[in-house]
Amino acid sequence: MNDQTTAAEPAAAAVTVPEAVAVPALGEPGARSGGRRAALAPVALVVAGALSVQFGAAIAVLLMPRAGALGVVTLRLAAAALVLLVVCRPKLRGHSRADWGTVVAFGVAMGGMNTLFYQAADRIPLGAAVTLEVLGPLALSVIASRRLVNLVWAALALGGVVLLSGGGFDRLDPVGAAYALGAGAMWAAYIVFSARTGRRFPQADGLALAMVVAALLSLPLGIMDAGSKLLVPTTLGLGAAVALLSSVLPYTLELIALRRLPAPTFAILMSLEPAIAAMAGFLLLDQALSTTDALAIALVIGASMGAVRSQVRGASKR
């Protein structure tokens, strides 16, 4: 998926719960309707962000015949880095060597995650790619919780993967499946280094700098893959649209939502991304799902939600 998500993925149950939104007192007129709207608003923002991410990924797949998978990654990361630099204006001075090491590791994880994911999306259906990718954060959540009940969720997710593969990844294209699993591993690393970067850099400065690192790393690969095709105006425009839909807009919506939404709830909502990706693939790319594929995606989504809820309960008991 994608660098659209922050450290508040399935491992996000440990994130501090943001401030609650103010609602009218129970005795005031419109308290019930106002409270309901206030409660649903951040949920709608998260869902809108997820829709933006996955439909942006679908547009990226449409762009691949023009610029190739690596070219699309370069366009997306470069455009997103430019926007974040302009908006955040991060300071370059006053940071230690450890700070820079963390932000570079964050950028490497971000670039690797995007590169591997788009290679996967170029070979297998979008819904399958996101389902396999989400196993990375799910595994991180299971390992971090150290609770036996999460082995059940891991087994459920494994069952979904077996169904998705149809007994063998040759049905999906083994190379594409391997890229998706690699993207999941990089997503888990992204979550870890995103949290560390957030502790070392104010606001979104670390994210902006890491995005620059990721863009610089992808630039040679994109040039080798697409060359002068990257400079075609229509290709540049579509690349900017992918960056807007998959990075800039989701970051903004999620930032607003997390100010009013508990992080565990946010993580559970983000677990729905494989289903949203499958819908985007069906609507924009004509990638229909079989009943078995839909069941497999549902199993992985259920496992991810269960892992988050178990982690939250464990933290509450402690």
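Residues numbered from 1 in each chain as written. Predicted model: local features only at pLDDT ≥ 70, side-chain atom pairs only at ≥ 80, totals over all residues. Heavy atoms only, no water.

Q: If you had to explain the overall build of the protein to someone new, which residues and values would you point to?
A: A count of helical and extended segments in the protein gives eleven helices and zero strands. Listing every helix and strand of the protein by position from the N terminus yields α-α-α-α-α-α-α-α-α-α-α. Across the protein, contacts joining residues at least 24 apart in sequence account for 88% of those joining residues at least 6 apart. Carbon and sulfur atoms provide 68% of the accessible area of the protein, an area that totals close to 14300 Å². (Helix = DSSP H or I, 4+ residues; strand = E, 2+ residues; numbered from the N terminus. Contact = heavy atoms within 4.5 Å. Areas by Shrake-Rupley, 256 points an atom, 1.4 Å probe, with all protein chains shown as cover.)

Q: Quick one: what's the story with the pattern of salt bridges, residue by residue and with numbers?
A: Here the structure, examined in full by the defined rule, presents one salt bridge. For Arg-200, the salt bridge identified is with Asp-99, shortest N-O distance 2.7 Å. Taken as a pair, Arg-200 in helix 6 (residues 174-200) and Asp-99 in helix 2 (residues 97-121) lie far apart in primary sequence, 101 residues in all. (Salt bridge = Lys/Arg side-chain N within 4 Å of Asp/Glu carboxyl O.)

Q: With reference to specific residues and values, describe the side chain of Asp-99.
A: By relative accessible area, Asp-99 is classed as buried at 10%. Within the structure, Asp-99 has its side chain in polar contact with the backbone nitrogen of Ser-96 (distance 3.0 Å). Filtering out sequence-adjacent residues up to four positions away, Asp-99 remains in contact with Arg-200 and Phe-201. (Buried < 20%, exposed > 50% of the residue type's maximum accessible area, 1.4 Å probe, protein only. Polar contact = N/O pair within 3.5 Å; in protein donor to acceptor, adjacent residues only side chain to side chain.)

Q: Which residues make up the environment of Leu-126, and what values go with them?
A: Within the secondary structure, Leu-126 is located in helix 3 (residues 126-133). The exposure class of Leu-126 is buried, given its relative accessible area of 1%.

Q: Quick rundown of the packing of helix 3 against helix 10 (residues 273-285)? Include the residues and the values.
A: Taken N-terminus to C-terminus, the directions of helix 3 and helix 10 make an angle of 165°; their axes are 7 Å apart at the nearest point. As the angle between them shows, helix 3 and helix 10 are arranged roughly antiparallel. Between helix 3 and helix 10 lies a crossing whose hand is right-handed. The residues of helix 10 that touch helix 3, namely those facing Leu-126, Gly-127, Val-130 and Thr-131, are Glu-273, Pro-274, Ala-277, Ala-278, Ala-280 and Gly-281. Taken together, the residues that form the contact of helix 3 with helix 10 break down as six nonpolar, three polar and one charged. (Axes fitted to C-alpha atoms, helices over the stretch in contact; angles between N-to-C directions. Parallel < 35°, antiparallel > 145°, perpendicular 65-115°, else oblique. Left-handed = near helix turned anticlockwise from the far one by under 90°. Nonpolar A, V, L, I, M, F, W, Y, C, P; charged D, E, K, R; others polar.)

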